[in-house]
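For reference, the chains in residue letters:
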Amino acid sequence: MSRPWPCWASRSIPACGTARSSRRPVAERRGGPSSASGITAREAAPDILLQGVTRDFGAVAALAPIDLRITGGAVTALVGPSGCGKSTLLRLLAGLIPPSRGHILVGAETPDALRRRAGLAMAFQDAALLPWRSVRGNVALGRALARRPRDPRADEALIGLVGLAGFETWRPAELSGGMRQRAAIARALAAAPELLLLDEPFGAVDELTRERLNAELPPLWETAGATVILVTHSVTEAVRLSDRVLVMTPRPARIAADIPVPLPRPRAEALAATERFAGICAAVRAALRSAEPAAGPR
Ligand SMILES: Nc1ncnc2c1ncn2[C@@H]1O[C@H](COP(=O)(O)OP(=O)(O)OP(=O)(O)O)[C@@H](O)[C@H]1O
């Protein structure tokens, strides 16, 4: 496969703020063995620190105080019951909404500052593509907004990677929900961000495409050393993709369990059939069950 992000892979990000621990090679920080390539193409992104972060919507407390360090350059999955506050946490990390209380720092920057200098990209459920632009135009815009040089070949490669080759000139209204979602993923990847936020990225994607994306996307963000935070309802997908699974409680959400995923990479589909993989999935499911409130009269 051709590498669609040559410029990103060689880019050096200055370490800042809490990033001391993040100066180790990406492979080492992921807890896995160093790959043949060393995965040291650029210094990893800085850690993200949340201190006493809460978020209320009027009388609704979505997030209880959350204290958390998210390792830069690693993939962290957020799982939890519907409506518990996963997307809210992601939107806080994207700097789209402020915390009601507490602080979030990405290295030495606020998420808002990181977003304003185009250091983060997101692909959320409501794909939010520009309706008057084609798939190609939306992907190119992702790169342009991130102030990266035009790279039509890399854009085509990303569009092909998400299975939209042949639909480059189609506009969002002409696409299915899953296709829009994939176009949004390609646009986020084209931005070559330090922080990539994915909200149920494969939720509306068919099984075969989902499997291909599960296999082909991680090597891209691994090589680049991006910090990836993804929300998913699929326990197997969380374990397949991430270095760490955070299990959230029902609203107001707290982190109920922090489960490391020390599986080697690359992670082929066959890994899902191993006892080790099944054991980690079982731990996540058990944590989800124990995070649920006890049944019975309230
Ligand atoms: N803009 C908003 N205004 C009012 N309430 C909101 C807003 N955004 C989120 N909420 C509430 O905050 C809570 C958490 O919502 P959130 O979307 O973060 O949950 P989620 O875990 O991502 O859910 P799902 O898994 O179903 O997508 C919910 O009770 C929701 O109704």
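Along each chain, the written sequence defines residue order, and numbers are assigned to residues from 1. In keeping with the model being predicted, local features are shown solely for residues with a pLDDT of at least 70 and side-chain atom pairs are shown and tallied solely at 80 or more, while totals for entire chains, interfaces and linings include all residues.

Within an unreviewed UniProt entry, the label attached to the chain reads ABC transporter ATP-binding protein, and the organism entered is Mangrovicoccus algicola. Its UniProt record gives the chain the following Sequence similarities (unreviewed entry) comment, quoted word for word: "Belongs to the ABC transporter superfamily." UniProt positions are given in the numbering used here, feature names are shortened, and annotations may be inferred rather than shown by experiment.

Observations concerning the packing of helix α5 (residues 135-145) against helix α6 (residues 152-161)
With their axes 10 Å apart at the nearest point, α5 and α6 run at an angle of 120 degrees to one another. With respect to their mutual orientation, α5 and α6 come out oblique. The interaxial crossing formed by α5 with α6 has right-handed handedness. For the pair α5 and α6, the contacting residues are Val135, Arg136, Val139, Ala140 and Arg143 in the first and Asp155, Leu158 and Ile159 in the second. Only C-alpha atoms enter the line fits that serve as axes; for helices the fit covers just the stretch in contact. Angles between N-to-C directions range over 0 to 180 degrees. Here a strand is any run of E in DSSP of at least two residues, a helix any run of H or I of at least four, and the numbering for each starts at the N terminus. If an angle is under 35 degrees, it is roughly parallel; if it is over 145, roughly antiparallel; if it lies from 65 to 115, roughly perpendicular; otherwise it is oblique. For any helix crossing, the convention is left-handed if the near helix is rotated counterclockwise from the far helix by under a right angle, and right-handed if that rotation is clockwise. We call two residues in contact whenever the C-beta atoms placed from their backbones are within 7 Å.

Some words on the site of the ligand
Only the C-beta atom, placed from the backbone, is used; a residue is near a molecule or strand if that atom lies within 6 Å of it. Taken together, Phe57, Val60, Ala62, Gly80, Ser82, Gly83, Cys84, Gly85, Lys86, Ser87, Thr88 and Arg251 make up the full set of residues adjacent to the ligand. Looking at the shell around the ligand, the elements with two or more residues in it are β2 (60-70) and α3 (86-93). Broken down by element, the residue count for the shell around the ligand peaks at 3 residues, all from α3.

A word on the pairing of strand β5 (residues 120-123)
Labels follow a simple rule on C-beta atoms placed from the backbone: if 20 or more others lie within 10 Å of a residue's own, it is buried; if 12 or fewer, it is exposed; otherwise it is partly exposed. On β5, burial covers both faces: Leu120 and Met122 on one face and Ala121 and Ala123 on the other are all buried. In this description, strands pair whenever DSSP reports at least two bridges between them. Where β5 meets strand β6 (residues 195-199), 4 bridges bridge the pair, whose relative direction is parallel. Within β6, the residue paired with alanine 121 across the bridge is leucine 196.

Digging into the pairing of strand β9 (residues 255-260)
Judged from the 5 bridges that link them, strand β8 (residues 244-248) and β9 form a sheet pairing that is antiparallel. Considered in β9, the bridge of leucine 246 is made with aspartate 258. Linking two consecutive strands that pair antiparallel, namely β8 and β9, is a turn of 6 residues.

Here's the deal with helix α10 (residues 275-291)
The end-to-end C-alpha distance of α10 is 24 Å, a good match for the 24 Å that 17 residues give at a rise of 1.5 Å each. Within α10, burial applies to Ile280, Cys281, Val284, Ala287 and Ala291. Buried positions in α10, seen along its axis, are confined to an arc of 120 degrees and lie on one side of it. Facing away from the buried side of α10 by more than 90 degrees, the exposed set consists of Glu275, Gly279, Ala282, Arg289 and Ser290. Looking at the buried side of α10, the elements it contacts are β3 (75-79), α9 (235-241), β8 and β9. Helices are assigned an expected span. That span is 1.5 Å times one less than the residue count. Directions from the helix axis toward the C-beta atoms define the arc.

Quick look at the sheet that holds β9
Strands sit in the order β5-β6-β7-β3-β8-β9 across an open sheet of 6 strands; the sheet is mixed. Every interior strand has two partners, whereas the edge strands, β5 and β9, have only one. Ignoring which end each strand starts from, the neighbouring axes of this sheet average 15 degrees apart. Bridge count between β6 and strand β7 (residues 227-231): 5 bridges; the pairing is parallel. Bridge assignment links leucine 198 to a residue of β7, and that residue is leucine 230. On the sheet, α3 packs against β3, β6, β7 and β8 and is oriented at approximately 155 degrees with respect to β7.

So, the sheet that holds strand β1 (residues 48-57)
One open sheet holds the 3 strands; their spatial order is β2-β1-β4, and the pairing between them is antiparallel. One side of each edge strand has no neighbouring strand; the edge strands of this open sheet are β2 and β4 (101-106). Averaged over all adjacent pairs, the angle separating strand axes in this sheet is 20 degrees, with direction ignored. In the sheet, β1 pairs with β2 via 7 bridges, with the strands oriented antiparallel. Each bridged residue has a counterpart across the sheet, and for aspartate 56 the counterpart in β2 is alanine 61. Against the sheet, α3 makes contact with β1, β2 and β4, and its axis sits at roughly 120 degrees relative to β1, the strand it touches most.

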